[in-house]
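Given next are the chains, with one letter for each unit.
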Amino acid sequence: MAAKVKWVTDIEKSVLLNNFEKRGWIQVTDSEDWNFYWMSIQTIRNVFSVDTGYRLSDDQMVNHFPNHYELTRKDLMIKNIKRYRKELEKESSPLAEKDENGKYIYLDFVPVTFMLPADYNLFVEEFRKSPSSTWIMKPCGKAQGKGIFLINKLSQIKKWSRDSRTSTFVAANSGKEAYVISLYIDNPLLIGGKKFDLRLYVLVTTYRPLKCYMYKLGFCRFCTVKYTPSTSELDNMFVHLTNVAIQKHGDDYNHVHGGKWTVSNLRLYLESTRGKEVTNLLFDQIHWIVVQSLKAVAIWAFPRPPLRFHFMINIHITYSPVMNNDKHCFECYGYDIIIDDKLKPWLIEVNASPSLTSSTANDRILKYNLINDTLNIVAPNGEIPDCRWNRSPPKEALGNYQVLYDEEQALSENADLRSRSGQALGSKSTRSSSVRPVPATWK
Amino acid sequence: MMEEGADLSVTIAQIVHRLKGAHLHSQLEKQARECLHRPEIKLESLKEDVRSFLKASGWERKLQNAVYRELHILPPPGHPAAPPEHTKEPLVYMRKAQASWEKRILKSLNSMCTELGVPLARKRPVSEQKELTNKWNEMGTDEPDLSKFRPVYAPKDFLEVLISLKNPNYDCREGLTASSHWGLIQISLNVRDIPQMREAYPELSLTCSQLGIDDHAHIPPDLFESEHIRIGKKVVSEQDSAAAQQYSRQGCPTGFRAQLWALILNATNEPEDIMHYEQLKAAVIHHDLLVDNLIYKDVKLTASNDDYYFVFEDFLYQVLLCFSRDTAVLEHFSYNSATPPKSYIQGKTGAEEFTVVYPPNGVIPFHGFSMYVSPLCFLYNEPSKLYSVFREMYVRYFFRLHSISSSPSGIVSLCLQFERLLQNHLPQLFYHLQAIGAQPLRIAFKWMVRAFSGYLSTDQLLLLWDRILGYDSLEIVAVLAAAVFTFRAENLMQVTSLASAEAVLADLSTLKVMPLLQVFLFA
């Protein structure tokens, strides 16, 4: 009889536990021999740290990449995307092409952002260019909308102005928390007069080569209160933030639908009111954003060129003697995207540990299926994992996932650079016919 | 032969009479006057030249669409000696039943009014008017105390009335035999059976392609979809109502369904339509009606809890509150078996000259009424356009779903058609269900009254409504109800109570409408 997978978790959520139990897997503690550890992000630090970390064996899998924070911490995500764009520019890649105003044509998908207090002066310069604009302040290390506030006057962020030449590291030590400040998107697309954002789930099974999958059943989260850009409502977080954790406490929160819409509803609405072509373009751009953001952080994955030292707040130096840890990893990210009224998508942030709490019955089913489909891909047939698995799941095993980008396939197909080989998502018409206006160089 | 010619000229006269003085008439006159300056208009051939100009500039097409619209709502030619009630509803016993149902509704409304001490209508104080104007786009955030208000009636109350309908000329006391009707409807009307439906709905056949089936992801678009889309674009650019209606039988592509439906219904969004809507909005601001509370309550109970439509809550108020005040809706009562309720100005009961229609549009909303509007919110995001389309849908189709009439699209015929279709197609299932006290109509009725809104997923519902518009009939709703039972027949044969039958049929959100219809009618 085949040995049963031994699992551990430090997240007590039914959608997880039910999935493990239904596979007949055996629960163990982390001090015992385990095959599968679904861990919180605090735990992952310990597993891969220099002091307390340990080498994982071939039959052990974990649900995070050691350097996920390069993507999931707001300040690092911005840093990496900026770095990635500069690198492409240096290589004269067509992807880094700019328009007559100096804006990237294909890579302008994050709102203008600065680190505070480090970039305070740069921020002030930008702020003064359009003094009537609104900016959103977000603490780097928090989630669920905690600690976020809006400002439209420099005086509101006075305390980040001093010591601006200090690095964010020193700032933390001096008791000042690191924040990012981004240009607030004050022209979001409204549906029924309400603001919403998109939550999409993306599974990455390896970064080098990059293999990522988009969950078809993403959803829109609507604000329960009518959107108004008026300055008097800046303090009303129910108007501006779409985090369910915040909306849940508003008077109008509904426990039947939870203020959520499926992505297919969104598509139907946009196709019916705006037309099919622009809707397809929007979704193509969203897929593009996800893949580019993953490519931007792929350099942090093992194995990688020259080892480098870098400093992370409250985290140990990540130069680690534990090589090739990444083959033990996969990760399911929660991408937050906002669409503006010109149908342009913006990447707001990426979550390493998307909430597994269910706010409605539909929600529970969705998250249960999400974990189920994820496990079917990373632990095929429910068998003891082997970190050397080929990471090429057959189509039938994908469940509700669709291949977003498969770098291995793209490179091996030796395809014409202008065609989108390796990228399976796209509207029906392009699969059989020719090239679309959006850039198609995916290599 | 002579009569046909006479009928035709009567029809022409009627339509001309209706269009005379309408906005389109004055627009055409204006266009004709202005085109006189054009070089191609010659005095010798004035009439022909003006005609050609109107044709080339698309105005003739607009007139055609308007005539086409009138033809839709024109009642069939009747006997010159027939009273106007005959046009509303030819069968006396139906008229009587409708009248007594209306009395009941009005009684219920009046007693609620007295009980709660709320007037039927009230002028708003200026401060309240200001507040409402500011809140116009977010009435959903208002939390008025609605606990005391009850819906005036729910579909199941209406069903009981329909079940008790009896034709005094028809004796149906014979017992339950193989040839008798096993369902709840006790009257006999001429409804189409499967062979007749096949003849009338050839575009749904297995050999004919359509959206909802042949646009599936695995089917290459060159086979049907691309060509259908190309034709659709042409229909829209030609702005031809009749062509759009024919086209819709095979389904409307999502990208231009909104334009196609507006074309079929001849629902425009010209400045005069926008102005009309603004006037209605002003009426809402000035006066508060008792029925407004019924509307609020209905939206809060139905659409606000719906996974698809909760987003559009505010649009629903903006449409339904205006709808209640739109006296233009009263026109449709000439061919509706219903009659608008009348009320008397305070203190002048009985004096004919002091009667007012209440509500102003003559339609008292019932539980679930807002679901007629909800699906349209996916297509139109401009309130005046949304309003225009909804109103036309109502006066052409939806009114038939909650009034007692002999029309083939009326709810009575639909109930009968549903029962007959199911009994003839799956007699064993029908027999089993009625034997365990789970009469199929008791479950299917709520679907049909709402034309399936709120029961199907929206994309499927829109495909169904494409066909309602395409065939200008609600029969497809009865056919779909029978098809749903057929689809779940295996499970239904196992149940032993009404409750378990309801459970089997509780969730229709995964159903694909077109394959079900196709298989039921043609396979």
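This is a predicted model, so every value here is computed, not measured. (Residues numbered from 1 in each chain as written. Chains lettered and ligands numbered in written order. Predicted model: local features only at pLDDT ≥ 70, side-chain atom pairs only at ≥ 80, totals over all residues. Heavy atoms only, no water.)

## Let's talk about helix H13 (residues 271–286) of chain B
Next up, step 1: Over its 16 residues, H13 of chain B runs 22 Å from end to end, which matches the ideal 22 Å to within 8%, given 1.5 Å per residue.
Next up, step 2: Those residues of H13 of chain B that are buried are in contact with helix H7 (126–135), strand S2 (287–289), helix H15 (313–324) and helix H16 (383–396) of chain B. (Helix = DSSP H or I, 4+ residues; strand = E, 2+ residues; numbered from the N terminus. Expected span 1.5 Å × (residues − 1). Contact = heavy atoms within 4.5 Å.)

## Some words on the packing of helix H19 (residues 440–449) of chain B against helix H21 (residues 475–487) of chain B
All names here are of chain B.
Next up, step 1: It is at 10 Å that the axes of H19 and H21 come closest, and there the two elements cross at 130°. One way to sum up the angle between H19 and H21 is to call them oblique. Handedness of the crossing formed by H19 with H21: right-handed. Across the interface between the two elements, Pro 440, Ile 443, Ala 444, Trp 447 and Met 448 of H19 pack against Val 477, Ala 478, Ala 481, Val 484 and Phe 485 of H21. (Axes fitted to C-alpha atoms, helices over the stretch in contact; angles between N-to-C directions. Parallel < 35°, antiparallel > 145°, perpendicular 65-115°, else oblique. Left-handed = near helix turned anticlockwise from the far one by under 90°.)

## Let's talk about the side chain of Asn 80 of chain A
Next up, step 1: Residue position: Asn 80 of chain A is located in helix H4 (residues 74–90).
Next up, step 2: Setting aside residues no more than four positions away along its own chain, Asn 80 of chain A makes contact with Glu 70, Ala 296, Val 297 and Trp 300 of chain A.

## Some words on the packing of helix H9 (residues 263–274) of chain A against helix H10 (residues 276–297) of chain A
Residue and element names in this part refer to chain A.
Next up, step 1: The interhelical angle for the contact between H9 and H10, taken along N-to-C directions, is 140°, at an axis separation of 7 Å. As far as their axial angle goes, H10 and H9 are oblique. Of the residues in H10, those in contact with Val 263, Leu 266, Arg 267, Leu 270, Glu 271 and Arg 274 of H9 are Lys 276, Val 278, Thr 279, Asn 280, Leu 282 and Phe 283.
Next up, step 2: A breakdown of the residues in the contact of H9 with H10 according to their chemical character gives 6 nonpolar, 2 polar and 4 charged. (Nonpolar A, V, L, I, M, F, W, Y, C, P; charged D, E, K, R; others polar.)

## Observations concerning the pattern of salt bridges
Residues and elements named next belong to chain B.
Next up, step 1: Taken as a whole and assessed by the stated rule, the structure comprises 43 salt bridges over all chains.
Next up, step 2: Where Glu 131 meets Lys 135, a salt bridge forms, and the shortest distance between an N and an O atom there is 4.0 Å. Here Glu 131 pairs with Lys 135, and both are found in helix H7, just 4 residues apart, close to one helical turn.
Next up, step 3: Accessibility expressed as a relative area gives 23% for Lys 135, which makes it partly exposed. (Salt bridge = Lys/Arg side-chain N within 4 Å of Asp/Glu carboxyl O. Buried < 20%, exposed > 50% of the residue type's maximum accessible area, 1.4 Å probe, protein only.)

## Description of the sheet that holds strand S1 (residues 6–9) of chain A
Residues and elements named next belong to chain A.
Next up, step 1: Ordered in space as S2-S1-S3-S4, the 4 strands form an open sheet in which the pairing is parallel. One side of each edge strand has no neighbouring strand; the edge strands of this open sheet are strand S2 (26–27) and strand S4 (61–62).
Next up, step 2: In the sheet, S1 pairs with S2 via 2 bridges, with the strands oriented parallel. By the bridge assignment for S2, Lys 6 is matched with Ile 26.
Next up, step 3: Sheet strands touched by helix H1 (residues 14–22): S1 and strand S3 (36–38). Its angle to S1, the strand with the most contacts, is close to 175°. (Pairing = 2+ DSSP bridges.)

## Thoughts on the side chain of Arg 85 of chain A
Residues and elements named next belong to chain A.
Next up, step 1: Relative to the assigned elements, Arg 85 resides in helix H4.
Next up, step 2: We note that Arg 85 is buried and unpaired, the nearest opposite charge coming from Asp 108 at a distance of 4.8 Å.
Next up, step 3: What Arg 85 contacts, discounting residues up to four positions off in sequence, is Ala 96, Tyr 104, Leu 107, Asp 108, Phe 109 and Val 110. (Lys, Arg positive; Asp, Glu negative; His and termini not counted.)

## Notes on the confidence of the model for chain B
Next up, step 1: Considering every residue of chain B, the mean pLDDT works out to 90; 95% of them sit at 70 or more.
Next up, step 2: Interface predicted TM-score (ipTM) for the complex: 0.91; the corresponding pTM is 0.88. (pLDDT = per-residue confidence, 0-100.)

## Things to note about the interface of chain B and chain A
Next up, step 1: Across the boundary between the two partners, chain B contributes 32 residues, which contact 23 residues of chain A.
Next up, step 2: Both faces combined, the contact of chain B with chain A buries some 2,300 Å², and carbon together with sulfur accounts for 54% of it.
Next up, step 3: Counting the surface chain B buries against chain A, the share from its top three residues, Phe 310, Val 311 and Phe 378 of chain B, is 26%.
Next up, step 4: The tally of links from chain B across to chain A stands at 2 salt bridges.
Next up, step 5: The residue Lys 194 of chain A makes a salt bridge to Asp 314 of chain B at a minimum N-O spacing of 3.8 Å.
Next up, step 6: Run the count over chain B and chain A and you get 5 residue pairs in polar contact (both at pLDDT 80 or more). (Buried area = accessible area lost by both parts, 1.4 Å probe. Polar contact = N/O pair within 3.5 Å; in protein donor to acceptor, adjacent residues only side chain to side chain.)

## Describing helix H11 (residues 241–248) of chain B
All names here are of chain B.
Next up, step 1: Listing the buried residues of H11 in full gives Ser 241, Ala 244, Gln 245, Tyr 247 and Ser 248. End-on, the buried residues of H11 take up no more than an arc of 165°, which puts them together on one face.
Next up, step 2: Taken together, the buried residues of H11 touch helix H4 (59–73), helix H10 (225–238), helix H12 (257–265) and helix H20 (458–471).
Next up, step 3: Capping the start of H11 is the job of one residue whose side-chain oxygen sits 3.0 Å from the backbone nitrogen of Ala 242: Asp 240. (Arc of directions from axis to C-beta.)

## Looking at the environment of Gln 246 of chain B
Residues and elements named next belong to chain B.
Next up, step 1: Mapped onto the fold, Gln 246 is located in helix H11.
Next up, step 2: We classify Gln 246 as partly exposed; its relative accessible area is 43%.
Next up, step 3: Along the backbone, Gln 246 and Arg 467 are 221 residues apart, and their C-alpha atoms lie at a distance of 9.5 Å.
Next up, step 4: A distance of 3.2 Å separates a polar atom in the side chain of Gln 246 from a polar atom in the side chain of Glu 203.

## Remarks on the domain arrangement of chain A
Residue and element names in this part refer to chain A.
Next up, step 1: As assigned here, chain A comprises domain 1 (6–66), domain 2 (67–110 + 192–302 + 322–416) and domain 3 (112–153 + 177–184).
Next up, step 2: With 28 residues of domain 1 in contact, the opposing surface of domain 2 contributes 38 residues.
Next up, step 3: For the pair domain 1 and domain 2, the summed buried surface comes to about 3,100 Å²; carbon and sulfur atoms form 64% of the total.
Next up, step 4: The three residues of domain 1 that bury the most area against domain 2 are Met 61, Phe 65 and Pro 66, which together make up 26% of that side's buried surface.
Next up, step 5: Counting every contact that joins domain 1 to domain 2 gives 1 salt bridge.
Next up, step 6: Of the charged contacts, one joins Asp 58 and Arg 388 as a salt bridge, the two residues approaching to 3.5 Å between their closest N and O atoms.
Next up, step 7: Where domain 1 touches domain 2, the interface holds 15 residue pairs in polar contact (both at pLDDT 80 or more).
Next up, step 8: Per-element tally for the side of domain 1 that touches domain 2: the top contributor is H1, with 6 residues. (Domains from an automatic or database assignment.)

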